[in-house]
Amino acid sequence: MKAMIFAAGLGTRLKEETQNKPKALVEVGGKTLLQHTIEKLRNDGISEMVVNVHHFSELVIEFLNSNDFGIPVHISDETEKLLDTGGGLKKAAPLLTGDNPILIYNVDILSNLNLQKPMEEHLQSGALATLVVRNRQTQRYFKFDKDKRLVGWLNKKTGEKKMAIPHNFENARKMAFSGIHIVSPAIFKRMPDVDRFSITNFYLELAKKHLIKGYFDESELWMDVGKPKELEKARKLFQ
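A brief structural summary. (Residues numbered from 1 in each chain as written. Predicted model: local features only at pLDDT ≥ 70, side-chain atom pairs only at ≥ 80, totals over all residues. Heavy atoms only, no water.)

### So, the overall build of the protein chain
Along the backbone of the protein chain there are six helices and 14 strands. In summary, the protein chain has a C-alpha radius of gyration of 17 Å against a globular reference of 18 Å for 239 residues, a match within 12%. Out of the 239 residues in the protein chain, the part that is buried amounts to 52%. Considering only contacts in the protein chain between residues 6 or more positions apart, those separated by 24 or more positions represent 72%. Put simply, the protein chain has 36 plus and 30 minus side-chain charges, and the middle of one group is 7 Å from the middle of the other. (Helix = DSSP H or I, 4+ residues; strand = E, 2+ residues; numbered from the N terminus. Rg over C-alpha atoms; globule rule 2.2 N^0.38 Å. Buried < 20%, exposed > 50% of the residue type's maximum accessible area, 1.4 Å probe, protein only. Contact = heavy atoms within 4.5 Å. Lys, Arg positive; Asp, Glu negative; His and termini not counted. Charge placed at Lys NZ, Arg CZ, Asp CG, Glu CD.)

### Describing the nonpolar core
Counting residues in each nonpolar core, the largest one holds 39 residues, and the members touching the most others are Ile 5, Leu 34, Leu 41, Met 49, Leu 64, Leu 103 and Ile 180. Here the element with the most residues in this core is helix α1 (residues 33-43); it accounts for four residues. Excluding residues that lie within four positions of it along the chain, Met 49 makes contacts with Ala 3, Ile 5, Ile 38, Leu 41, Arg 42, Ile 71, Pro 72, Val 73 and His 74. Counting 35 residues, the second largest nonpolar core, distinct from the first, contains Met 4, Leu 89, Leu 150 and Leu 206. (Core = buried A, V, L, I, M, F, W, Y, C linked by side-chain atoms within 4.5 Å.)

Shown next, in the form of structure tokens:
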């Protein structure tokens, strides 16, 4: 099974940490976030990976080329232009061919979720995409009906709403995205004719006509270490 690691972000929230290196090479417990992610995915059954690069891309490429992770790791180079999450996945499509679903994982996520579980649920449901979500406090939420079908999105801070299935929206459960998702290869045929777009908006557009599901994750460890406070917490935990 193949995976895509989103590692091209600017890491602006980490300021000092990312002035001379990309977020992917920030260290926690003596290992870079990229190494944590690759090892996590490999241990959970991923056999081949693609990593997208942009910010300090040459450092990430050098890191990947100078380490043997025991499985093929390919590079999708966005040095010239950062393509956002949807565009990043679209550009990597030629490296992600095959009939099996593709796991997508943000490089700044530390989690002990067994990734085989959402993968099994994704295959059983026949969904076009499955988004791993958690019941936690944040500003932006995906909303799911009683069958865990994606029906919309909400920004609690601004009050902005995006409805994919309006009649189910108000009573739907709000869940926070975990930066982990699974897509079926059929998704590439439905991508817009632009090179740069948000995967969140793409999922919401697809959800109007196609099955996009949520996987409600209750595992004990999940951290977004792209935020300074969480990074500090992770370093204490992993020291």
